[in-house]
Structures are given as C-alpha cells and as structure tokens.
Amino acid sequence: MKDKTFKRKIILLFFPIAFILLSTLLNPSEANPNIGIMLGIAIWMLGWWVTEVVPIAITSLLPILLFPLMGIVSGEEISKVYFNEVIFLYIGGFLLALSIEKWEVHKRIASRTLMIFGQGTFQILAGFMLITSLLSMWMSNTSIALLMLPIGISVIEKLVEIYGEKEIGRFKTGLLLGIAYASSIGGMATLIGTPTNLVFLKIYESHFKNGPTINFANWMIFAFPIYILLMIAAFLILYLFFRPKKKLEIIDSTFFQIENMKLGKVTFEQKVVLFVFLLFAVLMIFRADIAIGSFRIPGWSTLFSKSYYIIDAVVAVFISILLFIIPSKNSPGSTIMDWNTASRIPWGIILLFGGGFALEKGFEASGLTLWFASKIDLLSGNHIIVIILAACFIALLMTQLVANVTVVQALLPLCVALSISLKINPLFLMLPITFSASAAFMLPISTPPNAILLATGQMKMKEMLLPGLILVVISGLVIGFAMLYWGSYVFGIK
C-alpha cells in the first residue's frame, strides 16, 4: 500500500514539474514562449489522463485553471468551449442508448446480431467492424459510433451471460475499440465519409484549378486499398491483443434463435424505441445533400429556408425531446424516457470531451498547432518517399491531440506553398495528410468515436495506447507508400 501511495505521489508531481520545465528552461521557442507553456499543459493533461492518478473528469478541467493564469486564453472564452454543439450530439446519443437499455431493446438487438455473427469472437469482431466501416462511409463517424454503441454493449452483456466474465476477459475492450477504429477507417473510403476529405477538396480546388481532377469515383478507387489494408491491420491487432485466452465453444445459431424467442412478444415501448433509433439514423444520414459524382440526393434540411442552420446536434436534441414526450403504454403516467434514467449520462466523459476541445483551442491560440505544422518545411531536399512519410507522421502526431479538421486546415495550406517550392505535385503531400488526419487511434480525445466508447466504462484509457500506437505506425506506412505507388497511377501524376 505504501509503494502504491508513493508511486501516486511521484506521478502527481512529475507531470506538473514537466510543465514547469517546458514553460521555462526547456521551452522550444524563444520567439513565442506560449508554445512551450501549451506543450507543458498538454503533457500534464495527457499524463494524468493516461495514469488516472486524478479522475479523468477533474484533469479535463485543468485548462480552465491554467489557460487564464498563463495568458493562453481568457477564462470566459475557454469555459464556453466545454459546452458546444458537439456535446449536444453526444447527449442525444447517450439518451437514446439509455432508452434502449431501459426497455431492454438491447437484448433483442444482441440476439439478432448474434444470430448472424455468433459463431465465435473472430466472426463477431469482424462483423461489427465491417458493418461500422461500411456505414461510416456515408454518415459521420460520431453518429455511427453513437448508433453502434448500444448494439456493442448488448452483445458484450450477452456473451458474458453465456460464457462468463472470466472467459470473455478483455474481448469486450477489443469489440468496442473495433467499433471506434472502423468508424474512423470507413470515413477515409469516400469523399463524403468525413469532413476532412471535403476540407481537402475545397483547399485543393481553390489553389490548383488545372491540377488532376478529384471526384467521388477516383477518390474511392485510390482510397479503397488503403481502407482494406487498414481494416485488416486493425482487426488483426485487436484480435491478437484482446481475444479470449481460451478458445470458446462454438454455439449453434439455433441457440440464439431460442434465446430470442424467450424474450417474448415485442412491447409497445420497444417498438417506439426501435422506431426512434431508426429515425435518428435516417435523419442523420439524409440531413445534408449526398453527392455521388454527378448524382445528388437532396437532404431534408433543404426544406428549410436556412438549411445551414441545421446540424447533427439539432437532430440529436429533437430525438431527445421526442423520448420525453411519447407516453408509455405499460407504465401509465410516464414517458419512454424519464429524468431518473437520463441522469445516468456519463457526465465525466462529457467533461473529457470538453477538455479535448479546450486542448485544441489552446493549441490554436498559443501557436502550437502552426509550430507543429511549420516542421514540414524541414523536409526540403529529401527523397520524395521521405517527404511523404514525414508529412504523414506529422499529421498523425497532431491528430492524436487535435481534431482532424483542425489538422488539415493547419497543414494543407502549408503543403500548397511547400509543394510549389519543392516542385512536386501537391497531391503527394495533401492526400497523405488528409488520410493521416483520420487515423486517430491512440487516445479518447483523438476523435469522438474513441471517447464515446470509453464512456461505456468497459475499458481504461491506457488499454488504447499500445494497439492504437501500432495501428498509427502502420497507417502512416500504408498511406505513404499507397500515395507514392498507387496514388500516382490513379491520379496520373508523373
């Protein structure tokens, strides 16, 4: 016990001391001291987050204390970051997940899912990752993670019920990470899969009107091999890290059919929750226009005069209110969702989201984002593959700490200037950076799907680090070499 207490004291002190050193003696920028200060704050927060020496939610509040004191961002400005439109999207998703659990819809979803993929943990993990990635090609990664969360949790609970907690072991962590990883990888595969792809297109077309045309078709032709390779790599890494220690007995699908029959007749409340769940998915998918080449499916938001006012958070809030309005048939006087159930929203994870947004704001305000981005200039004079790989890994490093859209917005304009000075095709830098920005696998703050899955309480932050790091390295190599050898062919670059 004494050793544990001593270790905790060391960790408590180590990261604040690292912050002080980076802010003063080891500050990497004399011209802008805020860069070292911000770097120190980031290391302090990451250290306490990973070790959980202080509750994650409390660590997430450090920016509100440190940013004003160190002159990075005002207390008023940084406080606002903790509650924005993305948070409302999360809250809506969590309320839907809680309603699914309250009325035991998750048991029915689990039985149906296991009837299809229940021939072993290998098939379950592969099935979940495949479905998640395919959906993620067409709608936001965050929405997909929110939709798949209750299904993943219900399947985990059913597996524990069948095999026992000891036998399933850490497989539940692997399954949840599989959903998070697949949602990020799937977004790379299409031009509309993630906002970073559209940011790239806008910047590229505005600067290089006479360059190779990027459209839905050639993007997908280029991206699909990357998608396949990264999906295989993610699956193998997760299966090797988190598969059950013992080979589990294969259960015939008839067993799951019988279990499904035991659940009895579908209740009114379960039908309502399933309807709301599907409505949430449809409204998310078809909110904005879907463009596939020259073919366009208009989004329902265009029915309103100011369609750009309507975002995913609006849909999430609508769904949340709906759950509190629809009456319950079997519990007269109550509604589908009640406040006692809603109070179980993981507010600690909401604060973690806020801490991630605050960290991003600090990176931008202090100049740390541009300082990282400026390191691309050091690549001049190297072989083309070295330049491409270095660009990939700079973007990969940044996207573990900063939102992927922010990464591409910071790096792509620099790539425009650098490609002109190096006399190379801009796509050799811009596409690898765009794809690398989506490869956020190491930390819950790296991308919303990671944080959403951490909210289940089924895993610890440190369990994400090693598998995430391996997949990040593999992603950099796959994206870099794919750009040089496959991208140059697809886009006709000489």
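In this text, all values refer to a predicted model and were calculated from it rather than measured experimentally.

Criteria and thresholds
Residues numbered from 1 in each chain as written. Predicted model: local features only at pLDDT ≥ 70, side-chain atom pairs only at ≥ 80, totals over all residues. Heavy atoms only, no water. Axes fitted to C-alpha atoms, helices over the stretch in contact; angles between N-to-C directions. Helix = DSSP H or I, 4+ residues; strand = E, 2+ residues; numbered from the N terminus. Parallel < 35°, antiparallel > 145°, perpendicular 65-115°, else oblique. Left-handed = near helix turned anticlockwise from the far one by under 90°. Contact = heavy atoms within 4.5 Å. Nonpolar A, V, L, I, M, F, W, Y, C, P; charged D, E, K, R; others polar. Patch = residues over 30% accessible without salt bridge, like charges linked within 9 Å, V, L, I, M, F, W, Y side chains within 5 Å. Areas by Shrake-Rupley, 256 points an atom, 1.4 Å probe, with all protein chains shown as cover. Salt bridge = Lys/Arg side-chain N within 4 Å of Asp/Glu carboxyl O. Buried < 20%, exposed > 50% of the residue type's maximum accessible area, 1.4 Å probe, protein only. Expected span 1.5 Å × (residues − 1). pLDDT = per-residue confidence, 0-100. Phe/Tyr/Trp six-rings, centres within 6.5 Å; stacked < 30°, edge-to-face > 60°. Core = buried A, V, L, I, M, F, W, Y, C linked by side-chain atoms within 4.5 Å.

A look at the packing of helix α8 (residues 121–136) against helix α9 (residues 141–163)
In step 1: Contact geometry for α8 and α9: axes closest at 10 Å, N-to-C directions at 165°. Comparing their axes, α9 and α8 come out roughly antiparallel. Two packed elements cross with a definite hand, and for α8 against α9 that hand is right-handed. Residue-level inspection shows I124, F128, I131, T132, L135 and S136 of α8 in contact with α9, the latter providing N141, I144, M148, I151, G152, V155 and L159.
In step 2: Across the contact of α8 with α9, the residue classes tally to nine nonpolar, four polar and no charged.

Some remarks on a nonpolar patch on the surface
In step 1: A cluster of nonpolar residues, F393, L466, L469, V473, L477, F481 and Y485, forms a patch on the protein surface that exposes about 630 Å² of accessible area.
In step 2: Here the nonpolar patch gets six residues from one element, more than from any other, and that element is helix α24 (residues 462–490).
In step 3: Mapped onto the fold, F393 is located in helix α20 (residues 384–399).
In step 4: In this structure F393 comes out as partly exposed when scored by relative accessible area, which is 31%.

Topic: helix α12 (residues 195–207)
In step 1: Between its terminal C-alpha atoms α12 stretches 19 Å, which fits the 18 Å expected from 13 residues at 1.5 Å a residue.
In step 2: Of all the positions in α12, only T196, N197, V199, F200, L201, I203 and Y204 are classed as buried.

Focus: the environment of L22
In step 1: Residue position: L22 is located in helix α1 (residues 2–23).
In step 2: By relative accessible area, L22 is classed as buried at 13%.
In step 3: In sequence terms L22 and K9 are 13 residues apart; their C-alpha atoms lie 21 Å from each other.
In step 4: With residues near it in sequence (within four places) discarded, L22 still touches N27, P28, G36, I37, L39, G40 and I43.

Some thoughts on the confidence of the model for the protein chain
In step 1: Residues at a pLDDT of 70 or more form 91% of the protein chain, whose mean pLDDT is 82.
In step 2: In the model of the protein chain, strand β1 (residues 290–292) stands out as the element of lowest mean pLDDT, 60, in contrast to helix α4 (residues 62–70), which has the highest, 94.

Focus on the packing of aromatic side chains
In step 1: Scanning the entire structure with this criterion turns up 19 aromatic pairs.
In step 2: Ring centres of W44 and W48 lie 5.5 Å apart, and the angle between their planes is 85°; this geometry places the pair in the edge-to-face category. Separated by four residues within a single helix, W44 and W48 lie in helix α2 (residues 34–51), roughly one turn from each other. Across the pair, exposure class does not vary: W44 and W48 are buried alike.
In step 3: Three or more aromatic residues link up through ring pairs in this structure, and these residues are F200, W219, F222, F435 and F491.

What to know about the nonpolar core
In step 1: Ranked by size, the top nonpolar core spans 167 residues in total, and within it F200 and F353 carry the most contacts.
In step 2: Contact partners of F200, with chain neighbours within four places excluded, come to I214, W219, L412, L427, M430, L431 and T434.

Here's the deal with the pattern of salt bridges
In step 1: The final tally for this structure, using the stated rule, is three salt bridges.
In step 2: Ionic pairing is found between E76 and K80, a salt bridge with its closest N-O pair at 3.8 Å. With E76 and K80 both in helix α5 (residues 75–81) and four residues apart, the pair spans about one turn of that helix. There is no split in this pair, since E76 and K80 are both exposed.
In step 3: Residue K361 is joined to E77 by a salt bridge in which the shortest nitrogen-to-oxygen separation is 3.0 Å. Taken together, the residues K361 in helix α18 (residues 347–366) and E77 in helix α5 connect sequence positions 284 residues apart.

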